[in-house]
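# Geometric and topological summary
Residue strings, one per chain:
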Amino acid sequence: MTPALHLVEHPEVFVIGDAAYLEGPDGTPYPQVAQVAMQQGEHAARTVIDRLHGRPDRPFEYDDLGMMAVVGRNAAVARLFGRDIQGFVAWVLWLVIHVAKLIGFRNRALVLVNWAWNYISFRRAVRLLIVGTDGRSDRESAPRSI
Ligand SMILES: Cc1cc2nc3c(=O)[nH]c(=O)nc-3n(C[C@H](O)[C@H](O)[C@H](O)COP(=O)(O)OP(=O)(O)OC[C@H]3O[C@@H](n4cnc5c(N)ncnc54)[C@H](O)[C@@H]3O)c2cc1C
């Protein structure tokens with residue numbers, strides 16, 4: 001695929017999000033996260049409009065807004081605007097930013113209700129078991145400091 005997110009032999013076919021492999025200016029591939037997928041979607045749409053107006057394709061440039069991850073109940077880590085934040089404040093920021101980034105009132109309301117229910121009922125929607133190349137889970141491995 002090209003830096004403008006379309007296939008080399010089929011310029012009318014765009015590849016975006018998790019299906020795309022593209023490297024940034026420093027040579028590292030863009031991560032498979034929602035921000036990349038959303039920005040690539042917007043870029044592909046802009047390219048279509050540019051073509052309709054006879055303008056040339058432009059390469060995709062990722063605007064890294066930061067990273068956030070929930071690491072437990074009421075606990076998250078975040079790197080926003082070059083600052084590291086952790087704990088409850090990072091968790092609240094994670095909730096607010098994720099809901100704000102969703103499209104449409106209905107989606108936001110549904111996600112909020114789901115999250116509220118999971119929070120008060122202690123239900124977890126997704127559980128991941130990390131397994132190493134030796135076949136052992138992270139729980140079986142030696143304790144590591146974080
Ligand atoms: C467990 C998990 C947790 C994650 N957590 C985060 C996170 O906290 N933050 C973050 O930024 N990213 C997270 N990600 C990554 C993020 O979800 C993806 O990077 C992002 O959703 C990619 O968007 P996409 O549009 O490329 O693909 P998707 O969001 O997967 O959308 C693809 C869509 O295409 C549909 N589809 C598939 N095949 C067909 C077909 N043949 N015909 C029609 N429709 C089809 C699928 O049903 C789906 O709706 C997480 C991913 C996983 C799996």
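Residues numbered from 1 in each chain as written. Predicted model: local features only at pLDDT ≥ 70, side-chain atom pairs only at ≥ 80, totals over all residues. Heavy atoms only, no water.

Inspection of the region around the ligand gives Gly17, Asp18, Gln32, Val33, Ala34 and Ala37 as its neighbouring residues. At a separation of 2.8 Å, an oxygen atom of the ligand approaches a polar backbone atom of alanine 34. Burial of the ligand by the protein amounts to 27% of the accessible area it has alone, namely 1000 Å². When grouped by side-chain class, the residues that make up the shell around the ligand number three nonpolar, two polar and one charged. (Near = heavy atom within 4 Å. Polar contact = N/O pair within 3.5 Å; in protein donor to acceptor, adjacent residues only side chain to side chain. Areas by Shrake-Rupley, 256 points an atom, 1.4 Å probe, with all protein chains shown as cover. Nonpolar A, V, L, I, M, F, W, Y, C, P; charged D, E, K, R; others polar.)

Take the sheet that holds strand 3 (residues 83-87) next. The strand order across the open sheet formed by three strands is 1-2-3, and the pairing between neighbours is antiparallel. Each of the sheet's edge strands pairs with one partner strand only, and the pair in question is strand 1 (67-72) and strand 3. If you compare each strand with its neighbour and ignore which way they point, the axes differ by 10 degrees on average. The sheet strands contacting helix 2 (residues 88-101) are strand 1, strand 2 (75-80) and strand 3, and the helix crosses strand 3 at an angle near 100 degrees. (Pairing = 2+ DSSP bridges. Helix = DSSP H or I, 4+ residues; strand = E, 2+ residues; numbered from the N terminus. Axes fitted to C-alpha atoms, helices over the stretch in contact; angles between N-to-C directions. Contact = heavy atoms within 4.5 Å.)

Okay, the domain arrangement of the chain next. Taken domain by domain, the chain holds domain 1 (1-64) and domain 2 (65-146). Centre-to-centre separation of domain 1 and domain 2, based on C-alpha positions: 27 Å. (Domains from an automatic or database assignment.)

With that settled, the discussion passes to the nonpolar core. Ranked by size, the top nonpolar core spans six residues in total: Leu5, Leu22, Tyr30, Val36, Phe60 and Tyr62. Apart from the residues lying within four places of it in its own chain, the contact partners of valine 36 are Tyr30, Pro31, Phe60 and Tyr62. Counting residues in each nonpolar core, the second largest holds five residues, with Ala76, Ala78, Leu80 and Ala90 among its members. (Core = buried A, V, L, I, M, F, W, Y, C linked by side-chain atoms within 4.5 Å. Buried < 20%, exposed > 50% of the residue type's maximum accessible area, 1.4 Å probe, protein only.)

Okay, the environment of methionine 68 next. With respect to the element layout, methionine 68 can be found in strand 1. Considered as a pair, methionine 68 and glycine 104 are 36 residues apart in the sequence and their alpha carbons are 22 Å apart.

This paragraph deals with the packing of aromatic side chains. Enumeration according to the criterion identifies five aromatic pairs in this entry. Ring plane angle 85 degrees and centroid distance 5.6 Å describe the contact between tyrosine 30 and phenylalanine 60, whose orientation is recorded as edge-to-face. Highlighted residues: tyrosine 30 in the segment before helix 1 (34-52) and phenylalanine 60 in the loop between helix 1 and strand 1, separated in sequence by 30 residues. By the ring-pair criterion, three or more aromatic residues cluster together here, those being Tyr30, Phe60 and Tyr62. Positioned above the aromatic ring of tyrosine 119, the side-chain terminus of arginine 73 is 3.9 Å from the ring centre. When the ring centre of phenylalanine 122 is taken as reference, the NZ or CZ atom of arginine 73 above it lies at 3.9 Å. (Phe/Tyr/Trp six-rings, centres within 6.5 Å; stacked < 30°, edge-to-face > 60°. Lys NZ or Arg CZ within 6 Å of the ring centre and 35° of its normal.)

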